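Listed below, chain by chain, are the residues.
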Amino acid sequence: MAEDRPNILFIMSDDHAAHAMSCYGSRINETPNLDRIAEGGMRFDNCFCTNSICTPSRATILTGMYNHVNKVTTLSTPMDNRFQTFPKLLRENGYQTAVFGKWHLGTGAAHCPTGFDDWAVLPGQGLYHNPEFIFRGPDGGTRRTVEGYVTDIITDMSLDWLRQRDNDRPFCLMYHHKAPHREWEPDEKHAHLFLNEEIPEPETLYDDYSDRASAASAAQMRVGGHMNERELKCRINRTLSERALRKWAYQRYIKDYLRVVASIDDNVGRVLDWLDAEGLTHNTVVIYTSDQGFFLGDHGWYDKRFMYEESLRMPFILRYPKEVTPGSVNDDIVLNLDFASLFLDLAGVPIPEDFQGRSFRPLLRGSTPPDWRRAMYYRYWMHKAHHNVYAHYGIRTERHKLIYYYSDALGQEGAIDETYTPEWELFDLEKDPRELKNVYDHPDYAIVAKELKEALHRLQSEVGDERYGKDVD
Ligand code: CA
């Protein structure tokens with residue numbers, strides 16, 4: 001007889017913003033199968049990442065530690081697989097564990113997946129069509145190309161593993177999609193979607209970056225102007241005005257993005273159907289999330305990195321019929337940092353003292369502890385690399401966000417060593433949810449700014465990070 005401990009199916013995609021999921025009120029697409037998870041469980045509206053890029057967020061999820069602790073600060077700092085992780089602890093405690101799909105924490109014996117009974121992962125970002133995989137094996141695994149479309153293949157691998165598992169022990173499966181990461185290459189089945197439609201534009205598509213710190217206008221991630229022909233899959237007419245180019249490129253970009261999301265949705269549906277057919281739905285915790293958010297033309301941008309809402313927010317929906325009321329919504333602040341502690345808690349495994357997150361199991365039951373966090377700490381380290389986004393850290397509370405662009409590489413691997421004058425940004429999210437007006441220097445916000453700055457430094461010190469040397473005024 002199977003034991004009571006729940007199975008954990010952790011579904012994570014790459015760069016899937018919550019505002020491209022219908023359960024989060026998307027204006028631009030439908031995701032009926034992802035919505036099944038939200039309708040059958042809980043939707044978290046304020047789940048945030050602590051560093052909005054792939055490798056660091058994934059390392060935080062596995063280790064339950066901030067990036068200044070696990071040392072995975074940028075895309076050039078692969079994770080040392082000697083760190084303790086929640087899959088290792090689950091496996092030591094009788095769980096069957098596996099990971100299939102995107103890993104992006106490094107390759108070779110020092111960085112390949114550990115703590116898993118089985119795994120097959122894409123090297124680096126991986127390909128959409130006929131991708132190469134690294135399969136579990138000695139010395140970091142063996143490489144082999146698999147014919148087909150990446151989202152289908154990762155799903156097939158996951159289902160094959162589930163079918164052959166030991167039915168008497170619980171499982172933890174990390175089912176990790178490459179999609180919808182660039183270059184957004186759809187399969188034939190979804191290539192026709194949205195062909196004769198015009199996708200609604202976001203309110204801030206033509207943002208002019210006024211009333212912000214200089215980091216916003218300096219960022220080189222504008223839809224159109226900063227995109228290349230591989231991303232748009234056609235020749236780009238660079239003689240168009242910036243506005244005309246952005247309008248045209250947005251449609252090209254967002255349609256492909258939504259097509260690759262549609263494939264994820266179909267494939268997640270296959271797995272949910274399988275759980276239903278096997279009678280496993282009741283005792284399986286199903287999560288759908290993404291390693292961070294993404295700008296879907298918001299602020300005129302694609303990509304992520306900034307502490308702004310669209311990039312900071314992770315979709316996080318969780319279904320667990322034994323504990324969670326269907327169709328419930330939570331707006332407490334939870335972090336990618338907390339996932340490891342939550343999973344160990346659900347599995348009845350003690351949480352190591354050096355894990356920095358907190359299990360949010362009480363939130364699943366609709367009960368927020370009185371001392372639950374009211375603010376979160378964020379830090380982006382990869383100064384200037386890839387999209388010229390300046391290094392920054394900040395604090396977000398329920399109402400405000402204070403960002404400090406210290407704009408210095410600080411010797412981080414992969415960051416670019418050019419230093420600029422630091423700048424502050426303060427947003428009142430209640431009055432300015434789109435973050436268009438920096439009120440840091442506004443007299444009405446002088447007290448708020450002072451309090452937030454103190455809270456930021458307190459939080460920074462609590463989590464063991466260091467404040468930037470010139471961070472005084
Ligand atoms: Ca990502």
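If you're wondering where the values come from, they're calculated on a predicted model, not measured in any experiment.

Caption draft 1: Spotlight on the coordination of the calcium ion. Note on the calcium ion: its protein donors are D14 (OD), D15 (OD), C54 (SG), D291 (OD), D291 (OD) and Q292 (OE1). The metal-donor distances range over 2.2 to 2.7 Å. Coordination at the calcium ion comes from six donor atoms whose angles at the metal span 52 to 161°, giving a geometry best classed as irregular. Ordering the donors of the calcium ion by residue number gives the pattern D-D-x38-C-x236-D-Q. Here D14, found in the loop between β1 (7-13) and α1 (32-39), pairs with C54, found in helix α2 (residues 54-63); they are 40 residues apart in sequence, far enough to count as distant. Exposure remark for D14: the relative accessible area of 0% places this residue in the buried category.

Caption draft 2: Up close: the nonpolar core. Among the nonpolar cores identified, the biggest contains 120 residues, and F44, F86, Y253, Y257, F306, L318 and F360 are the most heavily contacted of them. Composition of this core by domain shows at least three residues from each of domain 1 (7-187 + 258-368) and domain 2 (376-472). Apart from the residues within four sequence positions on either side, Y253 is in contact with W184, V223, M227, L232, F294, F295, L296, G297 and Y302. Among the nonpolar cores identified, the runner-up in size contains 40 residues, and I11, F100, L272 and L280 belong to it.

Caption draft 3: Spotlight on the pattern of salt bridges. Under the defined criterion, the tally for this structure stands at 42 salt bridges. Across the salt bridge formed by D256 and R259, the nearest N and O atoms sit 2.8 Å from each other. Residue D256 and its partner R259 are both found in helix α8 (residues 242-277); the two are separated by three residues, about one turn of the helix. Across the salt bridge formed by D338 and R373, the nearest N and O atoms sit 2.8 Å from each other. Of this pair, D338 sits in the loop between β12 (334-335) and α10 (339-346) while R373 sits in the loop between α11 (361-364) and β13 (375-380), placing them 35 residues apart in sequence. Overall, D338 belongs to the buried group, its relative accessible area being 0%. Within this structure, D15, R182, E231, D303, K304 and R305 form a network of salt bridges that share partners.

So, how was this worked out
Residues numbered from 1 in each chain as written. Predicted model: local features only at pLDDT ≥ 70, side-chain atom pairs only at ≥ 80, totals over all residues. Heavy atoms only, no water. Donors = N, O, S within 2.8 Å, 3.2 Å for Na, K, Ca; no water. Tetrahedral: all angles 85-135°; square planar, octahedral: opposite > 155°, others 65-115°. Helix = DSSP H or I, 4+ residues; strand = E, 2+ residues; numbered from the N terminus. Buried < 20%, exposed > 50% of the residue type's maximum accessible area, 1.4 Å probe, protein only. Core = buried A, V, L, I, M, F, W, Y, C linked by side-chain atoms within 4.5 Å. Domains from an automatic or database assignment. Contact = heavy atoms within 4.5 Å. Salt bridge = Lys/Arg side-chain N within 4 Å of Asp/Glu carboxyl O.

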